[in-house]
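The chain contents come next:
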Amino acid sequence: MELDNNAHSVFLLYYHLVLVVKYRRKVFDDNISDRAKEIFEYISPNYNITLQEWNHDADYVHILFKAHPKSELSKFINAYKSASSRLLKKEFPEIRKKLWKEYFWSQSFCLLTTGGAPIEVIKKYIQSQGEKL
C-alpha cells in the first residue's frame, strides 16, 4: 500500500461517489459519460482530488477518487455537479428532451469512504493498543 504525503502528514483517502441523474432519467451513453469524466478530471486538481475509476449506467455514475486531507469534498461535488450540468446540457442538446428543467443531477448523492482494512480489523487494532503481549 503506497501512502500519499505532504510536509506534515501521511494519508490515504479513497472515496466512492455515486451521482444520480434527476428523476433517474436515462441520459447517459458512452459519449456523455466520457465528457462528464473529462469535466471531472478538469475540475478535480483544484480540490486536490485524483480520479481513480469511472463507470456509468443510463441514469447514474460511479466514481472512485483519492483526496487530500484539505480537500473540501462538498464544495468540490457542488462545483462538479454545477459545471457538468451546464456543459453537458449545452453540448448534448438531446439531454433537454429528457430533462427539461435547469437540473441535471439529483440534489442528493452517495459518498462512501473506501480502501484500507475492514472496520472490524481497525476496531480490534484500536482496542488492542496499550495491551502488553
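Analysis parameters
- Residues numbered from 1 in each chain as written.
- Predicted model: local features only at pLDDT ≥ 70, side-chain atom pairs only at ≥ 80, totals over all residues.
- Heavy atoms only, no water.
- Salt bridge = Lys/Arg side-chain N within 4 Å of Asp/Glu carboxyl O.
- Helix = DSSP H or I, 4+ residues; strand = E, 2+ residues; numbered from the N terminus.
- Buried < 20%, exposed > 50% of the residue type's maximum accessible area, 1.4 Å probe, protein only.
- Expected span 1.5 Å × (residues − 1).
- Contact = heavy atoms within 4.5 Å.
- Pairing = 2+ DSSP bridges.
- Patch = residues over 30% accessible without salt bridge, like charges linked within 9 Å, V, L, I, M, F, W, Y side chains within 5 Å.
- Areas by Shrake-Rupley, 256 points an atom, 1.4 Å probe, with all protein chains shown as cover.

**Overview of the pattern of salt bridges**
Applying the stated criterion to the full structure yields seven salt bridges. In this structure, Asp59 and Lys26 form a salt bridge, with 3.9 Å as the shortest nitrogen-oxygen distance. Here Asp59 is found in the loop between β4 (49–57) and β5 (60–67), whereas its partner Lys26 is found in the loop between β3 (13–21) and α1 (30–43), with 33 residues between them in sequence. The class for Asp59 is buried, based on a relative accessible area of 7%. Given the relative accessible area of 53%, Lys26 is considered exposed. Close ionic contact of Lys75 with Glu72 constitutes a salt bridge, the shortest N to O distance being 3.3 Å. Salt bridges sharing partners connect three or more residues here, namely Arg24, Lys26 and Asp59.

**A word on helix α2 (residues 73–91)**
Spanning 19 residues, α2 covers 26 Å between terminal C-alpha atoms, matching the ideal 27 Å at 1.5 Å per step. Those residues of α2 that sit buried are Leu73, Phe76, Ile77, Tyr80, Lys81, Ala83, Ser84, Ser85, Leu88 and Lys89. Residues of α2 that are buried in the fold lie against β3, α1, β4, β5, α3 (95–98) and β6 (105–114).

**Side note on the pairing of β3**
Pairing between β3 and β5: eight bridges, direction antiparallel. Its bridge partner being in β5, Val18 is matched across the sheet by His62. Here β3 pairs with β6 via seven bridges, running antiparallel. Bridge pairing in β6 places Leu19 opposite Phe109.

**Overview of a nonpolar patch on the surface**
A contiguous nonpolar surface patch, about 440 Å² in accessible area, is contributed by Ile119, Ile122, Tyr125 and Ile126. Checked against the element boundaries, Tyr125 lands in helix α4 (residues 119–128). For Tyr125, a relative accessible area of 53% translates into the label exposed.

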